[in-house]
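Chain residues, written in single-letter form:
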Amino acid sequence: MIIKKITLKNFRQFKGEQIIEFSQDTEKNITLILGDNTSGKTTLLQAFLWAFYGTANFKSKDSLLNAAVSEEILTRNGNSEVSVRIELEHEGMFYNIVRSQKFSVKENYVISDPNPSLSLSTKKNGQTIQFKSLHLQNKLEEILPKDLSIYFLYDTERFGNITSKSDVTKSVKSILGLTVLDNLIKHLGSTGRSGTVLNKFSSNISNEGDNRAEIALRKIEEAEYKLEELTKRISQNRTEQSHFQEVIVNTRAILHGLENVSKLQKEKEDKEKQVEEQKNLLSSSMEDYRAFLKSSTFSFVGHNLCRNAIEELTNAKLDKKSIQGMNAIAIKDIIERRVCVCGTIIEKDSVAHKNLVEEMRFLPPQSIGTLINNFKQQAETHLSYAENYFMSLDSHYKRIVTHNMSIGDLLDEINYINTEISGEDSVKKHQDDLLTAEKKLDSLQENLEDLNRKYGELQKEIKDQIDIHEMSIQSSTKNNEILLYLKYAENILTWVKSRRDNREYEIKNQLESKVNYYFKKMYHGKRKVIIDDKFRVNLITTDLSNELHTDESQGLETVKNFAFISGLVDLAKQKLSDSYEKDAEAYPLILDAPFSNADEKHVKNISEVLPNVANQLILIVMAKDWNYAKNSLQSRVGKEYILSKHSEVYTSVTGGDMSV
């Protein structure tokens, strides 16, 4: 976006029509607007906000209409108008924005028209095209989304720490083009969300004659609703975890700084790491124990049975005369053949014949003793295997007991250290805060694990019901085409989500790198920037052995904000060449009082960065603040204006092109 001109008419101090044309020179890309306090610097910035969004952030509640003009129309019972016109170029198109509000006299009071007027036009093929009123505000949001205005229409004295505001995630994603993927995910939606692609395809599938499909579809919708609610709870849980993790980090940093507890605190943290290691080993040992227990259920259940059976059979009176493996049928066959396998002739009533007949008494099926002997031998074999199994099982169990004992001992030692640290009057409050935060974090972690378990169960239920639904309707030929489209849409959704997550991770790292690059150029000290997953920015000192979060002065906050904006603008320009982020757009920087909270050295550093980052830089500053930046920026100034204050209610704009 390039802003060409702004025209103010009777807007607050700017009586009559005041015009500022902005530099569009790529080399001399700075428009300088100088003004003293109360001359209208902030009013000028607010004029942009009012033109775009119909809102202005003034400390006083005075009317937008110039006070002198208001007095004039009250005297003559007339009427007047406030308007702001902005001419700009965006994505290769020219736009003309005009917002106006009429004022008239009623019962000796000047009142405003409750319905301000807004018009937006563009030019195409030499023809002026007016946008319909229904689409005006949406189009302005497309040109400069309101969430982004805080970064490009920047009031140093009013906006404070922009990098920690709640909407920073949405704003950064919009600037860097990530909302394209988010909007596509919302558009594809789910089968249970009305109006989405997946829902439309799913709704068009015929379920006639198949009640199971209707029931499955209803269960899918219910489960997806629960899944959405569960996702919100998980997100809230993680936000709370981040908060308490930050409390723990900061509190531990304070405790580390106290000499008399530093050693104890370090010992406690080492033991906490050991507890986590033992918990991991315990979890692994329990998994091994369960797996080994399942590997031979018979040995676990039959161990005592086999041992008791052997004791009973050992005391039983069993004959030992049978030949192992021999049975009565084999003996009978030998007698009938009248010759033994060894070649002996078997004659009736011979000694051999009598011995074979006698032996048949001890062989199955005639002899239960032989069967019992065989059973006993099998029981002894099973018992031997079971005893080896129990020895191994006992070894697994002892490992579990050992880890549990180690965890208990470590926790006792940690509690003892907590008592020792809490006994120190100087750190008792910090230690209590740390213990409270640690307990809360543990509770949140347990709750998160439960939520994740329920999340997995719901995902499985949805998958199961989708399978039931698809099986119930796949026989219908008229559904085949819709099912194919549905499958394509689901695959596209999976790809887009993966793409979005990967891009967010990549861009977060790229943004952190660029912000650190500009922060080092602007700041004279040993600190660095850390950007979290919500794109919030924190500063940590690198001048100690442990990196710590520290408090920020107004000056340091200003430097951090400008480093963040510079990194953001630079990365946005880079994204313009990325085929996936077509919506990324380079914006101008309009800065009110940018140097008021920074010292001379920081002003110089900031001045050397900003004009090289932004395509167009508009500075609204006091003359005394400009003196610090003048040497660095004067050669880059393409247009210069002065806000001349004639009275409390009248400021005029003078100036324009700079001489080469």
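No experiment lies behind these values; they were computed from the predicted model shown.

Topic: the overall build of the chain
Within the chain one finds 19 helices and 16 strands. The buried share of the chain, taken over its 660 residues, is 43%. Restricting the contact set of the chain to residue pairs at least 6 apart, pairs at least 24 apart contribute 69%. Summed over all atoms, the accessible surface of the chain reaches about 36600 Å², with 49% contributed by carbon and sulfur.

Thoughts on helix α3 (residues 136-143)
Residues lying three or four places apart along an α-helix face the same way, a consequence of the helix completing one turn every 3.6 residues. Regarding α3, the residues found buried are Leu 136, Lys 139, Leu 140 and Ile 143. Summarising the axial view, the buried residues of α3 lie within an arc of 100°, below the 170-degree limit, and thus occupy one face. α3 presents Asn 138 and Glu 142 as exposed residues on the side facing more than 90 degrees away from its buried surface. Elements in contact with the buried residues of α3: α1 (41-53), β4 (79-90), β5 (93-106) and β7 (117-124).

What to know about the pairing of strand β1 (residues 2-11)
As defined by bridge partners, β1 adjoins β4 across 7 bridges and the pair is classed as antiparallel. Bridging across to β4, Ile 6 finds its partner in Ile 86. Of the strand pairs in this sheet, β1 and strand β2 (residues 14-21) are connected by 6 bridges, and their pairing is antiparallel. Directly across from Lys 9, in β2, lies its bridge partner Glu 17.

Remarks on the packing of aromatic side chains
The tally for this structure, following the rule as stated, stands at 7 aromatic pairs. For the pair Tyr 517 and Tyr 518, a centre-to-centre distance of 5.0 Å together with 75° between the ring planes defines the contact as edge-to-face. Taking relative accessible area as the criterion, Tyr 518 reaches 9% and is therefore assigned buried. Aromatic side chains Phe 519 and Tyr 523 sit 5.1 Å apart centroid to centroid with 20° between the ring planes, which places their arrangement in the stacked category. Like Phe 519, the residue Tyr 523 is buried in the burial classification. In this structure, Lys 123 packs its charged tip against the face of Phe 94, placed 5.5 Å from the ring centre.

Observations regarding the packing of α1 against α3
Two numbers describe a pair of packed helices, the interaxial angle and the distance between the axes. Where α1 contacts α3, the two axes come as close as 9 Å, and the packing angle between them is 130°. With respect to α3, the axis of α1 lies oblique. Together, Ala 51, Phe 52 and Tyr 53 of α1 and Gln 137, Leu 140, Glu 141 and Ile 143 of α3 make up the contact between the two elements. Of the residues belonging to the contact of α1 with α3, the class tally is 5 nonpolar, 1 polar and 1 charged.

A closer look at the confidence of the model for the chain
When pLDDT is averaged along the chain, the result is 81, and 84% of the positions lie at 70 or above. Per-element mean pLDDT across the chain ranges from 56 in strand β12 (residues 548-549) up to 96 in β1. Confidence drops under a pLDDT of 50 for residues 579-583, and excluding neighbours within four residues, the segment shows 9 contacts in the predicted structure.

Overview of the sheet that holds strand β16 (residues 650-657)
Two strands in a sheet stick together by hydrogen bonds in their backbones, pointing the same way (parallel) or opposite ways (antiparallel). The strand order across the open sheet formed by 6 strands is β9-β13-β14-β3-β15-β16, and the pairing between neighbours is mixed. Only two strands of the sheet have a single partner each, and these edge strands are β9 (153-155) and β16. Pairwise comparison of adjacent strand axes, ignoring direction, gives a mean angle of 15° for this sheet. Bridging between strand β15 (residues 637-647) and β16 involves 8 bridges; their strand directions are antiparallel. Looking at the pairing, Glu 640 lines up with Gly 656 of β16. Lying on the sheet, α1 is in contact with β3 (30-35), β9, β13 (589-592), β14 (617-621) and β15; it crosses β9 at an angle near 145°.

Observations regarding a nonpolar patch on the surface
On the surface, Leu 484, Tyr 485, Tyr 488 and Ile 492 cluster together into a nonpolar patch covering about 410 Å² of accessible area. As for its position among the elements, Tyr 485 is in helix α16 (residues 477-522).

Details of the pairing of β15
Where β3 and β15 come together, 6 bridges link them in parallel fashion. Looking across to β15, one finds that Gly 35 is bridged to Leu 643. The hairpin turn running from β15 into β16, its antiparallel successor, is 2 residues long.

A short note on the pattern of salt bridges
Counted by the stated rule, this structure contains 27 salt bridges. Residue Lys 5 pairs with Glu 21 through a salt bridge whose shortest N-O separation is 3.9 Å. Here Glu 21 lies in strand β2 and Lys 5 lies in strand β1, a separation of 16 residues in the sequence. Glu 229 serves as the salt-bridge partner of Lys 232, at 3.8 Å between the closest nitrogen and oxygen. With Lys 232 and Glu 229 both in helix α9 (residues 211-257) and 3 residues apart, the pair spans about one turn of that helix. What you see here is one network of salt bridges that share partners, running through Asp 182, Arg 500, Asp 501 and Glu 504.

Quick word on the packing of helix α18 (residues 600-613) against helix α19 (residues 623-633)
Two elements in contact, α18 and α19, have axes separated by 9 Å at closest approach and are oriented at 40°. By the angle between their axes, α18 is oblique relative to α19. Every pair of crossing elements has a handedness; the one defined by α18 and α19 is right-handed. Every residue of α19 that contacts α18 at Glu 600, Val 603, Lys 604, Ser 607, Glu 608 and Pro 611 is listed here: Tyr 628, Ala 629, Ser 632 and Leu 633. When grouped by side-chain class, the residues that make up the contact of α18 with α19 number 5 nonpolar, 2 polar and 3 charged.

Describing the environment of Lys 460
Topologically, Lys 460 is positioned in helix α15 (residues 428-473). Among the residues examined, Lys 460 registers a relative accessible area of 53% and is labelled exposed. The sequence separation of Lys 460 and Ala 223 amounts to 237 residues, and the corresponding C-alpha distance is 9.8 Å.

Describing the state of the cysteines
Per the stated rule, a full pass over the model turns up 0 disulfides. Counting only cysteine sulfurs, Cys 342 is the nearest neighbor of Cys 340, a cysteine outside any disulfide, at a range of 3.5 Å.

Here we look at a negative patch on the surface
A surface patch of like charges, here negative, comprises Glu 276, Asp 442, Glu 446 and Glu 449. The biggest single contributor to the negative patch is α15, with 3 residues. For Glu 446, a relative accessible area of 57% translates into the label exposed.

About the criteria used
Residues numbered from 1 in each chain as written. Predicted model: local features only at pLDDT ≥ 70, side-chain atom pairs only at ≥ 80, totals over all residues. Heavy atoms only, no water. Helix = DSSP H or I, 4+ residues; strand = E, 2+ residues; numbered from the N terminus. Buried < 20%, exposed > 50% of the residue type's maximum accessible area, 1.4 Å probe, protein only. Contact = heavy atoms within 4.5 Å. Areas by Shrake-Rupley, 256 points an atom, 1.4 Å probe, with all protein chains shown as cover. Arc of directions from axis to C-beta. Pairing = 2+ DSSP bridges. Phe/Tyr/Trp six-rings, centres within 6.5 Å; stacked < 30°, edge-to-face > 60°. Lys NZ or Arg CZ within 6 Å of the ring centre and 35° of its normal. Axes fitted to C-alpha atoms, helices over the stretch in contact; angles between N-to-C directions. Parallel < 35°, antiparallel > 145°, perpendicular 65-115°, else oblique. Nonpolar A, V, L, I, M, F, W, Y, C, P; charged D, E, K, R; others polar. pLDDT = per-residue confidence, 0-100. Patch = residues over 30% accessible without salt bridge, like charges linked within 9 Å, V, L, I, M, F, W, Y side chains within 5 Å. Salt bridge = Lys/Arg side-chain N within 4 Å of Asp/Glu carboxyl O. Left-handed = near helix turned anticlockwise from the far one by under 90°. Disulfide = S-S within 2.5 Å. Lys, Arg positive; Asp, Glu negative; His and termini not counted. Charge placed at Lys NZ, Arg CZ, Asp CG, Glu CD.

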